[in-house]
Structures are given as C-alpha cells and as structure tokens.
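Report on the structure
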Amino acid sequence: MKRFTRFILLAVALLTCSVAMAQDEEVSERELEARVLKLEEKLSWMPSISGSVQLRYQFETLGGDKGFDVRRARLDIKGNIAPKLDYRLQLEFASSPKIIDAFVRYTPVKEFGIQLGQAKFPFTLENPISPLKLETIDNAMGVSYMAGMSDLAGIKANGRDIGLSIFGDLFKGVINYQVGIYNGAGTNKSDDNKHKDFAGRLNINPFKHMTLSGSVYLGKTGAQDEMADRNRYAVGARFDNKSLVIRSEYIWGYTGAQKSEGVYAIAGYWVTKKVMPVVRFDYFCKNANATDLAVKHSSEQTNYLVGVDYWPLKNLRLQLNYTYQHFANVGNDSGKIAVQVCGVF
C-alpha cells in the first residue's frame, strides 16, 4: 500500500512538473530532478500500512469439534519519524480490540540501538518469530508457558511487555544482542509491583546459516505484597539456509518454587517454493521438581507434530497440523487436527 501511494503521488508530481515546464521553458532538467528528489524525501516519512487475518479450525479426538475461530486480525502501521528513528503500532481486532505493539526505536549505528514501548521481549529463539512466519500453527509448549504467551505466571501477552531495551549487531553480525528492563505485567497494563524484570538474549552466528542462542528472564510476578519469582532460562540453536530449517531449544525456570522445563526440536524443508513439510518433537513438564513422582508425571506432556505449510499465493498461506498428544497419565492421549488460513494485505 505504501509503494502504491508513493507511485501515485510521484506520478502526480511528475505531471505537475511537466505542466510547469510547458508553462515555463526555462525550468531545467536539474531543477526538475531536485523537485522529484524533494518529493521522494517527503514521501519516505509516510507510514507503511499492512495487515493480516488468520482463521482456524480445530478438532480433537477426545474433546471433539472445537470449531472455527478468528485467531488473529491485525493492522500493522510502521514508519519513520526521522532518519534512524522509526516507530510501530500494531493493533489486534480478534476477540476485542487491543494494542499489540507500540514502540519507538532509535538506531544510530548497527552496533547499538534503543527501543522504548510495548513489544516482544528478548527471550528464546522462537518468541521473536512472527505468527506469519512461524512454521507451525502453535508455538512449542515451553515457549508458550515460559515466554509470556500462556505463561505459568498467569500472563497472556503474546510474548510482549512494556519496557526499555538496547540492541545491536557486533563484529559484522557474528554477535546479536538485546537486553532490557520491563514491567513484567504483560501488555496494556501498568506494573502491578515495584520490581522491574530483566530479559536478555545473546545470539552467536559462528558461520553462515547457523545461530547459537542463550537467553534469560529474571523477574517477579504478582502484587507487591505477594510477589513470587518468575525466572526463566533458555539455550538453543538454529540452522536456516532458506531451504532447510532446523531449530531446537531447552527452556527451564521457576514460577515461585515450582520448576518447569521443556525441550522442542523442529525441522522443515521447502520441497518447492510454496510447500514445506514440518515435523516437531515437543516435551514439557510443569512441575519438574515435585517430590511425588505421581504429581510430576501428571504435569508431563509430549507432543509429536507433523504438518505442511503451503503458500498458493504470495499473500495467502494454508497450514495443516496433526499433533499426537501423549500425557504421562495412561489413557489420556489424544490427537489434534488444526487447519489455519492466513491472508496478508
């Protein structure tokens, strides 16, 4: 939409300049070029507006038909305030209207930048991935339960929070870093205690297509008089050469005194430019330090996923996932089928 708008305005400008030249033969080619460049500079500050809609259907062998839902319906506005100073405002309209992203970012050099506002915080390799690009319909359980999506601390914030972070690329991109302080209460709400949470991620790219990652989240959850620890850690690796994608992470941490841990491994391969089969192993234990083995086993779940990602058109995506869900409690295993259609504009 931004390119189309620029094209129209530029065409109008050229037409105007042509008329002016016809009226004043003394207008030189250099003057005309200067006018066009000045107009392009003004147009560069225009916001870029895009959006997406994700529609989903789910069925479980034990729970039965879970029906259709509008998973996401988002409007994304990006732009530049000044050179090296940009902003983003992303709105969600599914269920109820709310702000997803709202931040300003200043990047004077590639080695250092600063970001202020509501955005995804730097924890795990998977959390920063947009739902428009994630290989599967749902995130891995460890990411969902430990990275502020359906967090065990009771926070459902799409992996986002409000705060201040610094970031950058060092040694020609061999090292990427981001660290920040956040309220720790999720999105669109004030801090619920006086403690500020810390999140940081360090990625090392030893060679092309390969990334080694470590991240940490240290915080508190709950009201001031009822605060409990919310500490999480993650280590992982990723290989992505645009044909083959492999990613795996081990994620663990504490919510209060309860330890939780999980590991996932995902692989996908683009057999054509439009089709990518995907497989994923995903294990998570909510109560890993329980002294009673029965309690520990009751909180364990292992998912085995197979799926396909298909882009029939540039802005249309179809996803099909089948997940076999194994619970440590005998007799509770189930299968889940999910279909998702995504349109981008």
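Before reading on, note that the structure itself is shown above.
These lines cover the structure that appears in this document, whether it is placed above or below. (Residues numbered from 1 in each chain as written. Predicted model: local features only at pLDDT ≥ 70, side-chain atom pairs only at ≥ 80, totals over all residues. Heavy atoms only, no water.)

The next subject is the side chain of Asn-231. Within the secondary structure, Asn-231 is located in strand 10 (residues 228-240). For Asn-231, a relative accessible area of 17% gives the class buried. Polar side-chain contacts of Asn-231 include one of 3.2 Å to the backbone nitrogen of Gly-219. Sequence-distant contacts of Asn-231, that is, excluding residues within four places in its chain, are made with Tyr-217, Leu-218, Gly-219, Trp-252, Gly-253 and Tyr-254. (Helix = DSSP H or I, 4+ residues; strand = E, 2+ residues; numbered from the N terminus. Buried < 20%, exposed > 50% of the residue type's maximum accessible area, 1.4 Å probe, protein only. Polar contact = N/O pair within 3.5 Å; in protein donor to acceptor, adjacent residues only side chain to side chain. Contact = heavy atoms within 4.5 Å.)

Structurally, Asn-329 is set in the loop between strand 15 (316-327) and strand 16 (334-344). When neighbours within four sequence positions are excluded, Asn-329 is seen to be in contact with His-297 and Ser-298.

This part takes up the layout of surface pockets. There is about 1,000 Å³ of room inside the second largest pocket. Surrounding the second largest pocket, 39 residues form its lining, Arg-56, Arg-71, Asp-138, Ser-144 and Ser-150 being those nearest its centre. Where the lining of the second largest pocket is concerned, the elements lending two or more residues are strand 1 (48-60), strand 2 (64-82), strand 4 (98-109), helix 3 (141-146), strand 13 (275-285), strand 14 (300-313), strand 15 and strand 16. For the lining of the second largest pocket, the leading source of residues is strand 2, giving 6 residues. Tallied by class, residues from the lining of the second largest pocket come to 13 nonpolar, 11 polar and 15 charged. (1 Å grid on protein atoms, 1.4 Å probe; cavity = no way out; pocket = protein on both sides within 12 Å on 5 of 7 lines; lining within 4 Å. Points joined across faces, edges and corners; volume = space filled by probe spheres on them. Nonpolar A, V, L, I, M, F, W, Y, C, P; charged D, E, K, R; others polar.)

Generally speaking, soluble globular proteins have nonpolar side chains that are buried together. If you look at the biggest cluster of nonpolar residues, it comprises 19 residues, and the most contacted ones within it are Phe-121, Phe-123, Val-143, Ile-251 and Tyr-264. Contributions of two or more residues to this core are made by helix 3, strand 12 (258-269) and strand 13. The contacts of Ile-251, once residues within four sequence positions are left out, are Phe-123, Thr-124, Gly-142, Val-143, Met-146, Tyr-233, Ala-234, Ser-260, Glu-261, Gly-262 and Tyr-264. (Core = buried A, V, L, I, M, F, W, Y, C linked by side-chain atoms within 4.5 Å.)

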